[in-house]
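# Structural characterization, general
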Amino acid sequence: MSKGRVFSGVQPTGNLHLGNYLGAIKNWVGLQQDHETIYCIVDLHAITVPQQPQLLKKATQEVAACLIASGIDTNNSILFNQSQVSQHAELAWLFNCVARLGWLNRMTQFKEKAGKNRENATVGLYAYPTLMAADILAYKATHVPVGDDQKQHLELTRDIATAFNSMFGEEFFPLPEPVIQKTAARIMSLRDGSSKMSKSDDSDFTRINLNDEDDLIAQKIKKAKTDPEPLPETVEELENRPEARNLVGIYAALTNQSDAEVLVEFSGQGFGKFKPILAESLIGSISPIRTEMNKLLADTNHLDNVLSEGSKRAAVIAEPILRACKNVMGFVQSTS
Ligand code: TYM
């Protein structure tokens, strides 16, 4: 991946889970080494579905603690919450006047989240992807590390950037590249290998939360759905075994191996052997994050200050980009 500016975001809706960690955050941490990195807690996205004010505040602080505990270094990366940088919402309006209804009508996330009662969904839920495009393009970000489920939104971001550039006759916005991991791009539910691990699933046993206690992690893995066959020799043989493939993928991502390498180690072994080793590896990764997160949550004023400092640094980048964008669109602006 060539050097560039990295931007990504996560919603403050409930606890972060293993899918967020392996699909996105682990990658965010690694990219800090040699890239300019900007990470955002997207609270304006969270209110596209009903929120309670006290819970929104708590979830924002929890996600901030979780990101720092996972290794986001706020002396280096910019970490902030979206609503403190007004350029996101303003640019999103400009993009609402570039994006086409037909493009938004194709978005699968809207269809899933709105469900059958589409008439009752908020306008914000429908326009969600134009705000996401604004998040990324307010910084002219070139690389966006995400899980596989965000691919379609990234394609829409590129469509908006392309349309903007052709409407206003300049190569104004870069076309950002998704950065999606090979392993762990889509971590599945522990109870159903055909549905994504998600914060919104009613059953807590479908996911591992980053603040789960060690015993609970072990219990969840013990109860995870599997099949009676031992682990096979090749990745192809996992194709029709979604639950087995998911657990192998989780172990591979945790231990920085490919699925094939994991199978070299475990082929022929049953889940009775594999699951305790997987649980131990999960506990090894999650337990230090949970401990650090709890320490950080003891001082929420400090967390609020970190986010407000990050917001100031983010605005320094976004403000001149928005100003230049409004300039090419023909808005009259003060010169100061
Ligand atoms: P969100 O909050 O749903 O998820 C945050 C990140 O975690 C990834 N992820 C997963 N990866 C693998 N397996 C899973 N089961 C899994 N569940 C979640 C997501 O792909 C994501 O990378 N719309 C975004 C937030 C957003 C954003 C942005 C992202 C807003 N603006 C700009 C990038 C750039 C979302 O709802 O992510």
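Conventions and cut-offs
- Residues numbered from 1 in each chain as written.
- Predicted model: local features only at pLDDT ≥ 70, side-chain atom pairs only at ≥ 80, totals over all residues.
- Heavy atoms only, no water.
- Helix = DSSP H or I, 4+ residues; strand = E, 2+ residues; numbered from the N terminus.
- Rg over C-alpha atoms; globule rule 2.2 N^0.38 Å.
- Buried < 20%, exposed > 50% of the residue type's maximum accessible area, 1.4 Å probe, protein only.
- Near = heavy atom within 4 Å.
- Polar contact = N/O pair within 3.5 Å; in protein donor to acceptor, adjacent residues only side chain to side chain.
- Areas by Shrake-Rupley, 256 points an atom, 1.4 Å probe, with all protein chains shown as cover.
- Core = buried A, V, L, I, M, F, W, Y, C linked by side-chain atoms within 4.5 Å.
- Domains from an automatic or database assignment.
- Salt bridge = Lys/Arg side-chain N within 4 Å of Asp/Glu carboxyl O.
- Contact = heavy atoms within 4.5 Å.
- Buried area = accessible area lost by both parts, 1.4 Å probe.
- Nonpolar A, V, L, I, M, F, W, Y, C, P; charged D, E, K, R; others polar.
- Arc of directions from axis to C-beta.
- Patch = residues over 30% accessible without salt bridge, like charges linked within 9 Å, V, L, I, M, F, W, Y side chains within 5 Å.
- Lys, Arg positive; Asp, Glu negative; His and termini not counted.
- Charge placed at Lys NZ, Arg CZ, Asp CG, Glu CD.
- Phe/Tyr/Trp six-rings, centres within 6.5 Å; stacked < 30°, edge-to-face > 60°.
- Lys NZ or Arg CZ within 6 Å of the ring centre and 35° of its normal.

### Digging into the overall build of the chain
For the chain, the count of helices and strands is 13 helices and 5 strands. Over its C-alpha trace the chain gives a radius of gyration of 21 Å, about what one expects of a compact globule, namely 20 Å for 336 residues. C-alpha extents for the chain along the principal axes are approximately 70 × 45 × 45 Å. A buried classification covers 49% of the 336 residues belonging to the chain.

### Side note on the site of the ligand
Around the ligand, 28 residues are found, and the nearest of them are Gln11, Tyr128, Asp135, Asp149 and Ile187. In this structure, a nitrogen atom belonging to the ligand sits 2.6 Å away from a side-chain N or O atom of Tyr128. Measuring from an oxygen atom of the ligand, one finds a backbone N or O atom of Gly147 at 2.9 Å. Contact with the protein chains removes 96% of the 710 Å² of surface that the ligand exposes when unbound. Those elements giving two or more residues to the shell around the ligand turn out to be strand 1 (5–10), helix 1 (18–31) and helix 7 (123–137).

### A short note on the nonpolar core
Leu22, Leu67, Ile250, Phe274, Leu278 and Leu282 are the most contacted members of the largest nonpolar core, which totals 56 residues. Element by element, the count of residues in this core is highest for helix 12 (residues 271–297), at 9 residues. Of the domains in this structure, domain 1 (5–184 + 300–329) and domain 2 (204–295) are the two that each give at least three residues to this core.

### Some words on the pattern of salt bridges
Between side chains of opposite charge, pairing is possible as soon as their charged atoms come close. Applying the stated rule across the entire model yields 16 salt bridges. Close ionic contact of Arg207 with Asp204 constitutes a salt bridge, the shortest N to O distance being 3.5 Å. Among the residues examined, Arg207 registers a relative accessible area of 9% and is labelled buried. The class of Asp204 is partly exposed, set by a relative accessible area of 29%. Asp214 serves as the salt-bridge partner of Arg290, at 2.9 Å between the closest nitrogen and oxygen. Separated by 76 residues along the polypeptide, Arg290 in helix 12 and Asp214 in helix 9 (residues 214–223) bring together distant segments of the chain. On the accessibility criterion, Asp214 (26% relative accessible area) is partly exposed. Residues participating in the shared-partner salt-bridge network are Asp204, Arg207, Asp212 and Lys220.

### Examining the domain arrangement of the chain
Annotation of the chain at the domain level lists domain 1 (5–184 + 300–329) and domain 2 (204–295). Domain 1 puts 14 residues into the contact, and the matching count from domain 2 is 18 residues. When residues of domain 1 are sorted by the area they lose upon contact with domain 2, Leu18, Ala69 and Thr183 head the list and together hold 36% of the total. Linking domain 1 to domain 2 there are 0 salt bridges. Where domain 1 packs against domain 2, one counts 5 residue pairs in polar contact (both at pLDDT 80 or more). Listed by contribution, the elements that provide at least two residues to the side of domain 1 that touches domain 2 are helix 1 and helix 3 (53–70). When grouped by side-chain class, the residues that make up the side of domain 1 that touches domain 2 number 8 nonpolar, 4 polar and 2 charged.

### Focus: the environment of Thr234
Position of Thr234 relative to the elements: it lies in the loop between helix 9 and helix 10 (242–254). Here Glu237 takes part through its side chain, which lies 2.6 Å from a polar atom of the side chain of Thr234.

### Observations concerning helix 9
Along helix 9, the residues classified as buried are Ile217, Lys220 and Ile221. Here the buried residues of helix 9 occupy an arc of 95° about the axis, which is enough to place them on one side. Structural note: helix 9 exposes Asp215 and Lys222 on the side pointing more than 90 degrees away from its buried face. On the buried face of helix 9, the contacting elements are helix 12.

### Some remarks on a negative patch on the surface
Judged by side-chain charge, Glu233, Glu236, Glu237 and Glu239 come together as a negatively charged surface patch. Relative to the assigned elements, Glu237 resides in the loop between helix 9 and helix 10. Residue class for Glu237 comes out partly exposed when judged on its relative accessible area of 46%.

### Side note on the packing of aromatic side chains
According to the stated counting rule, one finds 14 aromatic pairs in the structure shown. Taking the centre distance of 6.4 Å and the plane angle of 75° together, the rings of Phe95 and Phe164 count as edge-to-face. With a gap of 69 residues between them, Phe95 in helix 4 (residues 87–96) and Phe164 in helix 8 (residues 151–167) connect regions that are remote in the sequence. Per residue, the accessibility class of Phe95 equals that of Phe164, and both read buried. Members of the aromatic cluster, each reached through a chain of ring pairs, are Phe95, Phe164, Phe168, Phe172 and Phe173. Lying across the ring of Phe172, Lys140 places its NZ or CZ 4.1 Å from the centre.

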